[in-house]
Amino acid sequence: MGEALTKSAQWTAAGHGTRTLEITPLNEVILKEIMMFVESFIYKYPQEAKYVFVEPLEWKTNLDPSAFESGYIVSETTVKSEEVDESGQPLLFLSVPHIKIRNFGQLSRLLLIAKDTKLKEAQACIEANRDPVAKILGLDYNTVKEDTSTVNILDKITKDEDSESEMKMKIAMLLRQLDVHLLNHCLKHISLQISLNPTSVKNDIELLKNFSGKGEQTVLESIDYTSDYEFSNGCRAPPWRQIHGEICYVLVKPHDVETLCITCSAEGVFLNGGKTDDEGEIDYERKGELYKDLVTFLKEKSAKFSENMSKQGIKFRNAQKKEKEEPTNELPEKEEAAPVQKAITLEKNQINFGKSQMTKRLEPSLNWKATVDFKDRNLLRDPQVEKHRGKPERSGPPVLCGRAQLARKSTEKTEEIVSESSSESEEDEEPSDHRQEANADLPSEYWQIQKVVKYLKGGNQTATVIALCSMKDFNLAQETCQLAIRDVGGLEVLINLLDTDEVKCKIGSLKILMEISHNPQIRRNIVDLGGLPIMVNILDSPHKSLKCLAAETIANVAKFRRARRAVRHHGGITKLVALLDCGKSSAEPAQPSLYDARDVDVARCGALALWSCSRSYANKEAIRKAGGIPLLARLLKTSHENMLIPVVGTLQECASEENYRAAIKAERIIEDLVKNLNSTNEQLQEHCAMAIYQCAEDEETRDLVRLHGGLKPLASLLNNTDNKERLAAVTGAIWKCSMSKENVTKFREYKAIETLVELLTDQPEEVLVNVVGALGECCQEYENRVLVRKCGGIQPLVKLLVGTNQALLVNVTKAVGACAVEPESMMTIDRLDGVRLLWSLLKNPHPEVKASAAWALCPCIQNAKDSGEMVRSFVGGLELVVNLLKSDNKEVLASVCAAITNIAKDQENLAVITDHGVVPLLSKLANTNNDKLRHHLAEAISCCCMWGRNRVAFGEYKAVAPLVRYLKSNDPSVHRATAQALYQLSEEADNCITMHENGAVKLLLHMVGSPDQDLQEAAAGCISNIRRLALATEKARYT
């Protein structure tokens, strides 16, 4: 909000009293958006609405106390809100005419009370509180500072962790989002305005001079510049006004009114304050409305000018046309570059734009502004202008289109800052928008298409249909043909045809758009030209052919985030879901016989479009809320493979969300997915396998796959390795299904494990990640570990330890660790230097890899023949393990504690890690609530007590009291490990006292009766040591 008010809102000039907001359309847009935000705040964010501002917002109001009703204490001149802050101050206080408000809730209510005058109240509030964010959140969040950003706000707020700071963070982020939203609306508003340039202003003034003079037939008595000096950029305004977009100032003497002092700027023409009497300086402040050009302004101000202009209109227009034609052919290079330079500037400065940014094309003269570098001006020149110089009939339209397109792109990019986040990775980068070079060797089709487009533009209805048919006969899959249509303005014509009432024209246009929209550049051009809203409206058409073509074109265009968002914002998701309902009349599950062929095609195209749109989270939610899942489930019953592919594809995309997985299970979709695994269509098999992969995170779903016979087709598909995409999907499904023991047994029956071992070599990484993940799950059972070893799987697994793919390393370390449980496999791993490779992965920057490697080292150390010597042979290995105890990741800490438990079983290694400071680091971790970490930490402490003064040291580092609290955990494994650690620590008298003081005896007494024998013995031993110390103390007291 701060940046929008300081950089985009238009304020009156300084030096003429208090600065106020000018009465302009842009300011009105900003005020209305702020009002909408504040009015809805109390409903959208009820908790944040209660937050009390650091300082109240104060201004002079025109509201009368009588306007306030329930919830307020009202007198003749004052109003107090019944709602107060912690100190008892009212959150709204009005003492006519001054008002103070201290939270968003009261601001929302005030706007509701103000009714018709709320725009004036909002304006008065903003004028009186130039930086409202600083008053709301405090001076640390002063948004006027140039270095303020979302990151800085978060850095300031997250220094504290109290609830107030969290609330401030939420409000700061909401205000930041509002700021970006306001800037976005400003940019939209600006992009629609027609900007003037020095050349057009100069031409208008020179023409008006030619038609001015004495006599009643002239349009003006006189028109003159206030300054005779013209800068190199064509402006006559001083440099400090040029940065505000002002071009020049003129004194105009009409026949019927006083002399007018007028400002000509890039935004338009307006009346200024005129020349001051004493110094003759111009008062630059605007004194009236903004007009698009000088002639329009003068027509409004002078009736005589308007009358004479109507008489001289033809002569004036002819002269104006002649003036415009001459500079078009011989335009100076730097003036040609100006529009492109403006567009580039808008694109680079998406957010930090303001009044000066609107008129960036008017750079101050080089004589005055030395900091501007004009050496690279040629680099900013539009290549299209250069390439087509001398061919205005071809080059004209693309250049204008390019200008508008760049402005629109910058608008859309700003919109994306406040859009929903998504894990979309495909095609979100803007491709380079290259145009065909005039001197390139282009095929004849390029020029033929240009001729067809001319007929398309100028013909009647019959000619238009013939031109569309002729265009369809070209090879529209060829990029040259696609770009030829775009370069001559054919896209605009095709999109305009969609707005006609002629069905044949619409069908022809959509068929062409459907073909050429496979090109990424064309897709973006269609969105820029506003094609998607029109296509979405066509989805309501009673003509099924139109609906099919529109949906399929939307499917092609919605391959990038901005297009998908546009479809949703214009209600396209609901309409596309409605297309799926092609069996309305049937109460039974939909069957092919119930469908008309055209209905099937409509449903197929709707599913295709939903498949493209479902790559964004917000669209997935929209599909679910529109009732898409039951309809997709019903379509899965059909045998139409061309429809099943997009249906399953949509389900596969959506199954990444948990609520979708639950719905898929409820609609019994798994059975149909399994059935379609037996299809002969490879693409359908791939998407079914991928959908199972997404859904099989849930144990119940894994069981359903097995019960419906889905494991056998998955295992058989492993033998077809030519289609890598399908193989990746199938191996992924097998991996997730292998998380259930019953499924692993089935896979062993189907010989899937041997096939998985064969796939460990010569496969892409996306396949290897899944194959190794599946083997890691299978090797949790002894029979499968032996099977993997006998099939020669250990060596390729160890080789994969040298990779860099994070997901693959996590899975392969797990698989190697599972194999290491079997002694013979461990010998092979050791011989292949696998333990050293695992140890080296402890240096990996990714916490998941570190944790997985540490877990894998545990069975390796347990089952190695001479593990103590093996561990010591790794130079710096023990120090590396100990230093990992400084990690912030709980999984890393738990896995390292488990590794230390195994390392510490060797006395020499225990001595080394003690020297490296393992005791204080373990003690520091004792105050944790994570049961997994507690379990392995207690085991590590227990093992480390076996060396020297470590028992005493643990007591000195205050590790004993937190350990006693572990006994209150609900996890039996934590009880056992903790009792063993306390038993070892109780060998030291001071530790016994600490345990007794923290209530350990009572907790341990309950555990003496546990069915776990190890827990029984450890608890009894600890109690015994505490009791023995107590008896010795008592005996010493009486002797």
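Fair warning: this is a prediction, and the values are worked out from it, not measured in the lab.

As for the packing of helix α16 (residues 444–458) against helix α17 (residues 461–472)
It is the contact of α16 with α17, at a shortest axis distance of 8 Å, that shows an interaxial angle of 155 degrees. The pairing of α16 with α17 is recorded here as roughly antiparallel in orientation. For the element pair α16 and α17, the recorded crossing hand is left-handed. Across the interface between the two elements, V452, V453, Y455 and L456 of α16 pack against T464, A467, L468, S470 and M471 of α17. Grouping the constituent residues of the contact of α16 with α17 by class yields seven nonpolar, two polar and no charged.

Describing the sheet that holds strand β5 (residues 98–101)
The five strands are arranged β1-β5-β4-β3-β2 in an open sheet whose pairing can be described as antiparallel. In this open sheet, the two edge strands, each paired with only one partner strand, are β1 (57–60) and β2 (72–74). Direction aside, neighbouring strands of the sheet carry axes that sit 10 degrees apart on average. Direction of pairing for strand β3 (residues 78–81) relative to strand β4 (residues 92–95): antiparallel, over a ladder of three bridges. Bridge pairing in β4 links K80 to F93. Along the sheet, helix α3 (residues 104–114) makes contact with β1, β2, β3, β4 and β5, crossing β5 at roughly 140 degrees.

Observations regarding the packing of aromatic side chains
Taken as a whole, this structure holds nine aromatic pairs when the rule is applied. Both rings, one in F41 and one in Y45, keep their centres 5.1 Å apart while their planes meet at 55 degrees; by these two values the pair is tilted. An aromatic cluster is defined as three or more aromatic residues linked by ring pairs; in this entry it consists of F37, F41, Y45, F53 and F104. The ring of Y225 carries R236 above its face, with NZ or CZ at 3.7 Å from the centroid.

So, the UniProt feature "coiled-coil region" (unreviewed entry) in the chain
Here the UniProt feature "coiled-coil region" (unreviewed entry) sits at residues 663–690. From the first C-alpha to the last, residues 663–690 spans 17 Å; its make-up is 75% helix and 0% strand.

Things to note about the nonpolar core
Grouped together as the largest cluster of nonpolar side chains are 215 residues, with contacts concentrated most on W839, I913 and L922. A total of nine residues in this core trace back to one element, the largest contributor, which is helix α26 (residues 597–613). Among the nonpolar cores identified, the runner-up in size contains 43 residues, and L57, C125, V133 and L174 belong to it.

With respect to empty space enclosed by the protein
Following the criterion strictly, the structure yields seven cavities of 30 Å³ or more and no others. Considering only enclosed or pocket space, the largest cavity measures out at about 220 Å³ in volume. In terms of lining residues, the largest cavity is bounded by 21 residues, among which I34, V38, L107, C125 and I126 are the most central.

Details of the side chain of S825
Its location among the elements puts S825 in helix α42 (residues 823–831). Take S825: its relative accessible area is 0%, and that puts it in the buried class. In terms of polar contacts, S825 uses its side chain to reach the side chain of E822, at 2.5 Å.

Brief notes about the pairing of β5
With burial as the criterion, only one face of β5 is covered, namely that bearing I99 and I101; the residues H98 and K100 on the opposite face remain uncovered. Two strands pair when backbone bridges link them, and β1 and β5 are joined in this way by four bridges, in the antiparallel orientation. Paired with E58 across the strands is K100, a residue of β5. Bridge count between β4 and β5: four bridges; the pairing is antiparallel. Pairing of L92 across the sheet is with I101, part of β5.

A short note on the confidence of the model for the chain
Looking at the chain, pLDDT values average 80 and 81% of them are 70 or higher. Considering only residues more than four positions removed or in separate chains, one finds that residues 143–151, a stretch of pLDDT under 50, has 16 contacts.

A look at the pattern of salt bridges
In total, this model carries 37 salt bridges according to the counting rule given. A salt bridge links K32 to E28, with the shortest nitrogen-to-oxygen separation between them at 3.1 Å. In this pair, K32 and E28 both sit in helix α2 (residues 25–44), four residues apart, roughly one turn of the helix. Assessed through its relative accessible area of 36%, E28 is described here as partly exposed. Put simply, R615 and E653 hold a salt bridge, and the shortest N to O gap is 3.8 Å. In this pair, R615 sits in the loop between α26 and α27 (617–625) while E653 sits in helix α29 (residues 641–654), placing the two residues 38 residues apart along the sequence.

Describing the environment of L498
Examined against the element boundaries, L498 turns out to sit in the loop between α19 (490–497) and α20 (503–516). Sequence spacing of L498 and N537 is 39 residues, and the spatial spacing of their C-alpha atoms is 9.8 Å. Those residues in contact with L498 that lie beyond four places of it in its chain are K506, S509, L510, L513, I534, M535 and I538.

Focus on helix α10 (residues 294–301)
For α10, the full list of buried residues reads L294, V295, F297 and L298. Taken around the axis of α10, the buried residues stretch over an arc of 160 degrees, which confines them to a single face. N-capping of α10 is provided by D293, with a side-chain oxygen placed 3.4 Å from the backbone N of V295.

Side note on unusual backbone geometry
Of note, the bond from V96 into P97 is cis; its omega dihedral lies within 30 degrees of zero at 5 degrees. Along the chain, P97 turns up in the loop between β4 and β5. Despite not being glycine, K115 has its phi angle at roughly 55 degrees, a positive value. Tracing the backbone through its elements, the reader meets K115 in the loop between α3 and α4 (118–128). Judged by relative accessible area, K115 falls into the exposed class, the value being 62%. The backbone of K751 sits at a positive phi, close to 60 degrees, despite the residue not being glycine. Tracing the backbone through its elements, the reader meets K751 in the loop between α36 (741–749) and α37 (752–758). With a relative accessible area of 52%, K751 lands in the exposed category.

Looking at the environment of E754
With respect to the helices and strands, E754 occurs in helix α37. Note: C-alpha distance between E754 and V788 (34 residues apart in sequence) is 7.2 Å. Non-local contacts of E754, meaning those with residues more than four positions away in its chain, are made with L787 and C791.

Section: the sheet that holds strand β9 (residues 268–271)
The four strands are arranged β6-β7-β8-β9 in an open sheet whose pairing can be described as antiparallel. Edge positions in the sheet fall to β6 (222–225) and β9, since each has one partner strand and no second. Across the sheet, the mean angle separating the axes of adjacent strands is 25 degrees when strand polarity is ignored. Note: strand β7 (residues 246–253) against strand β8 (residues 260–265), six bridges, orientation antiparallel. Within β8, the residue paired with E246 across the bridge is S265. Against the sheet, helix α8 (residues 198–210) engages β6, β7 and β8, with an angle of about 145 degrees to β6. Each of β6, β7, β8 and β9 is contacted by α10, which is oriented at about 150 degrees to β8, the strand it contacts most.

Considering the state of the cysteines
Counted by the stated rule, this structure contains zero disulfides. Lacking any disulfide linkage, C819 is separated from the closest cysteine sulfur, that of C779, by 3.8 Å.

Some points on the environment of G803
Mapped onto the secondary structure, G803 falls in the loop between α40 (794–799) and α41 (806–819). Residues G803 and E765, spaced 38 residues apart in sequence, show a C-alpha to C-alpha distance of 9.8 Å.

Description of the side chain of T638
Tracing the backbone through its elements, the reader meets T638 in the loop between α28 (628–635) and α29. A relative accessible area of 3% places T638 in the buried class. A distance of 2.9 Å separates a polar side-chain atom of T638 from the backbone oxygen of L635.

About the cut-offs
- Residues numbered from 1 in each chain as written.
- Predicted model: local features only at pLDDT ≥ 70, side-chain atom pairs only at ≥ 80, totals over all residues.
- Heavy atoms only, no water.
- Axes fitted to C-alpha atoms, helices over the stretch in contact; angles between N-to-C directions.
- Helix = DSSP H or I, 4+ residues; strand = E, 2+ residues; numbered from the N terminus.
- Parallel < 35°, antiparallel > 145°, perpendicular 65-115°, else oblique.
- Left-handed = near helix turned anticlockwise from the far one by under 90°.
- Contact = heavy atoms within 4.5 Å.
- Nonpolar A, V, L, I, M, F, W, Y, C, P; charged D, E, K, R; others polar.
- Pairing = 2+ DSSP bridges.
- Phe/Tyr/Trp six-rings, centres within 6.5 Å; stacked < 30°, edge-to-face > 60°.
- Lys NZ or Arg CZ within 6 Å of the ring centre and 35° of its normal.
- UniProt positions renumbered as here; feature names shortened; annotations may be inferred.
- Core = buried A, V, L, I, M, F, W, Y, C linked by side-chain atoms within 4.5 Å.
- Buried < 20%, exposed > 50% of the residue type's maximum accessible area, 1.4 Å probe, protein only.
- 1 Å grid on protein atoms, 1.4 Å probe; cavity = no way out; pocket = protein on both sides within 12 Å on 5 of 7 lines; lining within 4 Å.
- Points joined across faces, edges and corners; volume = space filled by probe spheres on them.
- Polar contact = N/O pair within 3.5 Å; in protein donor to acceptor, adjacent residues only side chain to side chain.
- pLDDT = per-residue confidence, 0-100.
- Salt bridge = Lys/Arg side-chain N within 4 Å of Asp/Glu carboxyl O.
- Arc of directions from axis to C-beta.
- Disulfide = S-S within 2.5 Å.

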